[in-house]
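Structural characterization, general
The chain contents come next:
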Amino acid sequence: MIANLVQLAAEEKQNPLIPAGPELLVGTIAFAIVFFFFWKKLLPNINKVLEERRAAIEGGIEEADAMKVEAQSVLEQYKAQLAEARHEAARLRQEAQEQGATLIAEMRAEGQRQREEIVAAGHAQIEADRKAAAQTLRQDVGRLATDLAGKLVGEALEDHARQSRVIDRFLDELEEKAEAAR
């Protein structure tokens, strides 16, 4: 088979790179028809699609740039709001600390005032109790002294005025001795 092909090729003296004339003419006409069809019908559609794609891409890029600018603006606003919120939080924290310190000072002053009132009331109560105890003691000592004096003298000292004078004189002497001992 290969031998047959080689023999056929040897018989033909034509160059295999150059086609025969009628073949060349038909090939050129077919090429012109296909080229004309591409140029008139397909190429404008391709150009139209490419132009639309280019416009869409450019529009997308412009839109992306606009969105980037808008995002940057929103980011700046967010940062400003965040800084403002932090400043406000710091101010509120400082204000709360000042109010807390003021409240603590007020509560300390109120506690001090109440303590002083309680101490003063205690001193007043102690003084009233001391006077009541002194009065009761004076009466009891007077009665005992009168009874004792009546037993010593041998007569009853029932006169109230005389009894009061004796008691007062006795207690005054006791107080003088107590003061002198100090």
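Please read these numbers as outputs of a predicted model, since none were measured by experiment.

Quick look at the overall build of the protein now. When you go through the protein residue by residue, the secondary structure sums to three helices and zero strands. Each helix and strand of the protein, ordered N terminal to C terminal, gives the series α-α-α. The buried share of the protein, reckoned over its 182 residues, is 4%. Accessible surface, the protein: about 16200 Å² in total, of which carbon and sulfur atoms supply 62%.

Attention shifts here to the pattern of salt bridges. If you walk through the whole model with that rule in mind, you get seven salt bridges. Among the salt bridges present, the one from glutamate 58 reaches arginine 54, with a minimum N-O distance of 2.6 Å. Placement of both glutamate 58 and arginine 54 in helix 2 (residues 21-153) is noted, with a separation of four residues, approximately one turn of the helix. A residue is classified by how much of its surface remains accessible, and glutamate 58, at 38% relative accessible area, is partly exposed. The structure contains a network of salt bridges with shared partners spanning Glu51, Arg54 and Glu58.

A contiguous patch of negative charge on the surface is contributed by Asp172, Glu173, Glu176 and Glu179. Residue placement: glutamate 176 occurs in helix 3 (residues 160-181). Among the residues examined, glutamate 176 registers a relative accessible area of 55% and is labelled exposed.

The next subject is a nonpolar patch on the surface. A cluster of nonpolar side chains, namely Phe31, Val34, Phe35, Phe36, Phe37, Phe38, Trp39, Leu42, Leu43, Ile46 and Leu50, defines an oily patch on the protein surface of about 1100 Å² accessible area. Tracing the chain through its elements places phenylalanine 37 in helix 2.

So, about the packing of aromatic side chains. Taken as a whole, this structure holds two aromatic pairs when the rule is applied. Between phenylalanine 31 and phenylalanine 35 the ring centres are 6.2 Å apart and the planes differ by 20°, which places this aromatic pair in the stacked class. Taken together, the positions of phenylalanine 31 and phenylalanine 35, both in helix 2 and four residues apart, correspond to about one turn of that helix. A residue is classified by how much of its surface remains accessible, and phenylalanine 31, at 58% relative accessible area, is exposed. A relative accessible area of 49% places phenylalanine 35 in the partly exposed class. Ring geometry for phenylalanine 37 and phenylalanine 38: centres 6.3 Å apart, planes at 55°, overall tilted. The class for phenylalanine 37 is partly exposed, based on a relative accessible area of 47%. Owing to a relative accessible area of 41%, phenylalanine 38 belongs among the partly exposed residues under this scheme.

This part is about the confidence of the model for the protein. Per-residue confidence for the protein gives a mean pLDDT of 82; residues scoring 70 or more make up 82%. Across the protein, element-level confidence peaks in helix 2 with a mean pLDDT of 88 and bottoms out in helix 1 (residues 2-11) with 60.

Definitions and cut-offs
- Residues numbered from 1 in each chain as written.
- Predicted model: local features only at pLDDT ≥ 70, side-chain atom pairs only at ≥ 80, totals over all residues.
- Heavy atoms only, no water.
- Helix = DSSP H or I, 4+ residues; strand = E, 2+ residues; numbered from the N terminus.
- Buried < 20%, exposed > 50% of the residue type's maximum accessible area, 1.4 Å probe, protein only.
- Areas by Shrake-Rupley, 256 points an atom, 1.4 Å probe, with all protein chains shown as cover.
- Salt bridge = Lys/Arg side-chain N within 4 Å of Asp/Glu carboxyl O.
- Patch = residues over 30% accessible without salt bridge, like charges linked within 9 Å, V, L, I, M, F, W, Y side chains within 5 Å.
- Lys, Arg positive; Asp, Glu negative; His and termini not counted.
- Charge placed at Lys NZ, Arg CZ, Asp CG, Glu CD.
- Phe/Tyr/Trp six-rings, centres within 6.5 Å; stacked < 30°, edge-to-face > 60°.
- pLDDT = per-residue confidence, 0-100.

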